[in-house]
There are 2 protein chains.
Amino acid sequence: VDDRLNIRLDLAYVGTRYHGWQVQPGKVTVQGILQDLLSEAYKQRIVLHGSGRTDAGTHARGQVANFHAPARLPVERLPLILNSRLPEDIRVLAARVAPAGFHARKSARGKIYLYRVYTGRVISPFRAPVYHHRPRGLDLDAVARAMRLLEGKHDFTSFCAHAAGEKNRVRTLRVCRMTRRGHQLHFRLEADGFLHHMVRNIVGTLLEVGDGNRPAESIPALLAARDRRLAGPTAPARGLTLLRVLY
Amino acid sequence: VDDRLNIRLDLAYVGTRYHGWQVQPGKVTVQGILQDLLSEAYKQRIVLHGSGRTDAGTHARGQVANFHAPARLPVERLPLILNSRLPEDIRVLAARVAPAGFHARKSARGKIYLYRVYTGRVISPFRAPVYHHRPRGLDLDAVARAMRLLEGKHDFTSFCAHAAGEKNRVRTLRVCRMTRRGHQLHFRLEADGFLHHMVRNIVGTLLEVGDGNRPAESIPALLAARDRRLAGPTAPARGLTLLRVLY
């Protein structure tokens, strides 16, 4: 019988300085830093399961992770214990005991991402770390039309990184919307799951639509082609933030 | 006859990495970086006059500076020229030709500062660089009463750094207000001028009032005493942002 607790962490991080979420040899990653601190706190090797990877340079406001550990430390004190040792750009927002069967990745029913673009000539230095700066006007009506055509259940192979190993590339993009405030464009995407680079490839393609280099109405054919080479470039990581994991 | 142009720059910077505005030997400062780039661009030594110093670690959304230079470069292209070489945490927002008599410091008729405090238990890593994190409740009614007593024309010696050389320490604090959104407290101060550390010393004192360690009603006596030792501590630099210089 495993009498260890299953502990859920809710996390936020500014991804700028990190090689993404997942542990990689010789690289500074968010998972790596947290696992090391937890292992030290519990005096045993702790394995932390994230809801999924985030790319190098990508941010999170609501990453979720879980790990199993003995009831050695009061769970409600974990945020304080970890935050006092974490770098300032990673924060444990909350810690709680989860049901035994909870798994941050396998239990997830969906995710919400935000992608931010700034189209003004000069970007504020306070915004620069979390925006893709692209000082050009866009045909936002065309972008909105393309976004509506992406919503729904589709095979998203055309927006999936070449190297990705997923076999089933059908996902339901429940929400694909943009809001605008002045030169700030906020793309919000919610799906039951995302393929590798899917948000960044969708945004890269939408920006081509906004530039007039690709008709919005070509989206259905692009989806049907299931060919990554036909979609637009991968938009920069810094514009992307994982907002929330849905369970 | 001086046929050089008088050029005004509007600047924003995240102060975290800098030893403040003013050039200091052996330190990385915002003025130093800008002066070096301007001198390179104009192929002659350029002296940049700021509206005033900002402390190490303090930010600016609307710092103003001016310099004299020959009409060698098109002024409207200066933001692009400088921003392409500046670190991402310093931006030239605008450049324009100013009247011959304009001086960023001497012509200033006032300034507006923002000081931000976060009172929740865990601060978002996205907010941390520009907030003073102080996870305690405050008596905000008492703080508001103290702020009203600070508004107006007073000798602010009690809130002026010991070392400061200013002889006339009478200033008119036109606005001293706080707004609150959840755990975020925003103190906004506008005056015809500020003494060295004045905003940070006022906020440090207001936080003591909010803690219940100093009655709001003691402010008039504190002003009258003209003694820095009687006021509260200097609040941390990271919470402070120069919003605007008024001309």
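The model shown is predicted, which means the values in this text are computed figures rather than measured ones.

What counts and how
- Residues numbered from 1 in each chain as written.
- Chains lettered and ligands numbered in written order.
- Predicted model: local features only at pLDDT ≥ 70, side-chain atom pairs only at ≥ 80, totals over all residues.
- Heavy atoms only, no water.
- Helix = DSSP H or I, 4+ residues; strand = E, 2+ residues; numbered from the N terminus.
- Rg over C-alpha atoms; globule rule 2.2 N^0.38 Å.
- Buried < 20%, exposed > 50% of the residue type's maximum accessible area, 1.4 Å probe, protein only.
- Contact = heavy atoms within 4.5 Å.
- Lys, Arg positive; Asp, Glu negative; His and termini not counted.
- Charge placed at Lys NZ, Arg CZ, Asp CG, Glu CD.
- Axes fitted to C-alpha atoms, helices over the stretch in contact; angles between N-to-C directions.
- Parallel < 35°, antiparallel > 145°, perpendicular 65-115°, else oblique.
- Left-handed = near helix turned anticlockwise from the far one by under 90°.
- Nonpolar A, V, L, I, M, F, W, Y, C, P; charged D, E, K, R; others polar.
- Least-squares fit on C-alpha atoms with pLDDT ≥ 70 in both.
- Salt bridge = Lys/Arg side-chain N within 4 Å of Asp/Glu carboxyl O.
- Buried area = accessible area lost by both parts, 1.4 Å probe.
- Polar contact = N/O pair within 3.5 Å; in protein donor to acceptor, adjacent residues only side chain to side chain.
- 1 Å grid on protein atoms, 1.4 Å probe; cavity = no way out; pocket = protein on both sides within 12 Å on 5 of 7 lines; lining within 4 Å.
- Points joined across faces, edges and corners; volume = space filled by probe spheres on them.
- Expected span 1.5 Å × (residues − 1).
- Phe/Tyr/Trp six-rings, centres within 6.5 Å; stacked < 30°, edge-to-face > 60°.
- Pairing = 2+ DSSP bridges.
- Disulfide = S-S within 2.5 Å.

1. Observations concerning the overall build of chain A
Scanning chain A for helices and strands turns up five helices and 10 strands. At 19 Å, chain A has a C-alpha radius of gyration in line with the 18 Å of a compact globule built from 247 residues. Taken over the C-alpha atoms alone, chain A extends approximately 60 × 40 × 30 Å along its principal axes. By the burial criterion, 55% of the 247 residues in chain A qualify as buried. Within chain A, contacts between residues at least 6 apart in sequence are counted, and of these 70% link residues at least 24 apart. In chain A, which carries 40 positive and 20 negative side-chain charges, the distance between the mean positions of the two groups comes to 1 Å.

2. Focus: the packing of helix α3 (residues 140–150) of chain A against helix α4 (residues 198–210) of chain A
Relative orientation and spacing of two packed helices are given, respectively, by the angle between their axes and the distance between those axes. Residues and elements named next belong to chain A. Two elements in contact, α3 and α4, have axes separated by 8 Å at closest approach and are oriented at 140°. Our classification of the angle between α3 and α4 gives oblique. Remark: the crossing between α3 and α4 carries right-handed chirality. Residues Ala142, Val143, Ala146, Met147 and Leu150 of α3 lie in contact with α4, whose contacting residues are Ile202, Leu206, Val209 and Gly210. Grouping the constituent residues of the contact of α3 with α4 by class yields eight nonpolar, one polar and no charged.

3. Topic: the relation of the copies chain B and chain A
Rotating chain B by 180° about the axis while translating it 0.0 Å along that axis superimposes it on chain A, leaving an RMSD of 0.0 Å. Such values leave the two copies arranged in the relation of a two-fold axis. Minimal C-alpha distance to the rotation axis in chain B is attained by Phe126 of chain B, lying at 4.8 Å.

4. Some points on the pattern of salt bridges
Applying the stated rule across the entire model yields 30 salt bridges over all chains. For the salt bridge of Glu151 of chain A with Arg177 of chain A, the shortest nitrogen-to-oxygen distance reads 3.2 Å. Placement of Glu151 of chain A in the loop between α3 and β7 (152–155) and of Arg177 of chain A in strand β8 (residues 170–181) is noted, with a sequence separation of 26 residues between them. One salt bridge in this structure joins Asp227 of chain B and Arg229 of chain B, with 3.0 Å as the shortest N-O distance. Salt bridges here are not isolated pairs; linked through shared partners, they connect Arg8, Asp10 and Arg96 of chain A.

5. With respect to the interface of chain B and chain A
Contacts between the two partners involve 23 residues from chain B, matched on the other side by 23 residues from chain A. Taking both partners together, chain B and chain A bury about 1500 Å²; carbon and sulfur atoms supply 71% of that area. In this structure, Arg238 of chain A and Glu88 of chain B form a salt bridge, with 3.1 Å as the shortest nitrogen-oxygen distance. On inspection of chain B and its partner chain A, the count reaches two residue pairs in polar contact (both at pLDDT 80 or more). Elements with a contribution of two residues or more to the side of chain B that touches chain A: β1 (5–13), β3 (59–69) and β4 (90–97) of chain B. Tallying contributions element by element places β4 of chain B first for the side of chain B that touches chain A, with four residues. Looking at the side of chain B that touches chain A, its residues break down into 14 nonpolar, two polar and seven charged.

6. A short note on the layout of surface pockets
The calculated volume of the largest pocket comes to roughly 1900 Å³. Taken together, 45 residues form the lining of the largest pocket, with Phe126, Arg127 and Val130 of chain A together with Phe126 and Arg127 of chain B sitting closest to its centre. Of all the elements in the fold, those that place two or more residues in the lining of the largest pocket are β8 and β9 (184–191) of chain A together with β5 (110–118), β8 (170–181) and β9 (184–191) of chain B. Each residue belonging to the lining of the largest pocket can be placed in one class, and the counts come to 19 nonpolar, 10 polar and 16 charged.

7. Observations regarding helix α1 (residues 30–42) of chain A
Along an α-helix, residues three or four positions apart point the same way, because every turn accommodates 3.6 residues. Residue and element names in this part refer to chain A. With 13 residues, α1 should cover 18 Å at 1.5 Å per step; its first-to-last C-alpha distance of 18 Å lies within 8% of that length. For α1, a buried count of 10 out of 13 residues is recorded, marking the element as mostly surrounded by other parts of the structure. If you check which residues of α1 are buried, you get Val30, Gln31, Gly32, Leu34, Gln35, Leu37, Leu38, Ser39, Ala41 and Tyr42. Considering only its buried residues, α1 is in contact with β1 (5–13), β3 (59–69), α2 (78–83) and β4 (90–97). The N-capping residue of α1, defined by a side-chain oxygen 3.0 Å from the backbone nitrogen of Gly32, is Thr29. Directly after α1, the chain includes Lys43, whose backbone phi takes a positive value near 55°.

8. Describing unusual backbone geometry
Residue and element names in this part refer to chain B. The phi dihedral of His197 falls on the positive side, at around 65°, and the residue is not glycine. Assignment of secondary structure puts His197 in the loop between β9 and α4 (198–210). Phi angles above zero are rare outside glycine, and Arg226 is one such case at about 50°.

9. Points about the packing of aromatic side chains
Residue and element names in this part refer to chain B. In the structure shown here, the tally under the stated rule is 12 aromatic pairs over all chains. Taking the centre distance of 5.8 Å and the plane angle of 65° together, the rings of Tyr42 and Phe67 count as edge-to-face. Here Tyr42 is found in helix α1 (residues 30–42), whereas its partner Phe67 is found in strand β3, with 25 residues between them in sequence. For the residue pair Tyr42 and Phe67, the accessibility class agrees, reading buried in each case.

10. What to know about the pairing of β8 of chain B
With four bridges joining them, strand β7 (residues 152–155) of chain B and β8 of chain B adopt antiparallel strand pairing. Residue pairing across strands places His154 of chain B opposite Arg171 of chain B, the latter belonging to β8 of chain B.

11. Some remarks on the state of the cysteines
Simply put, disulfide is the name for a covalent bond between the sulfur atoms of two cysteines. Residues and elements named next belong to chain A. Inspection of the entire model under this criterion finds zero disulfides over all chains. Cys160 provides the cysteine sulfur closest to Cys176, a residue in no disulfide bond, and the two sulfurs are 16 Å apart. Using a relative accessible area of 2% as the deciding quantity, one classes Cys176 as buried.

Taken by themselves, the reported measurements are silent on function.
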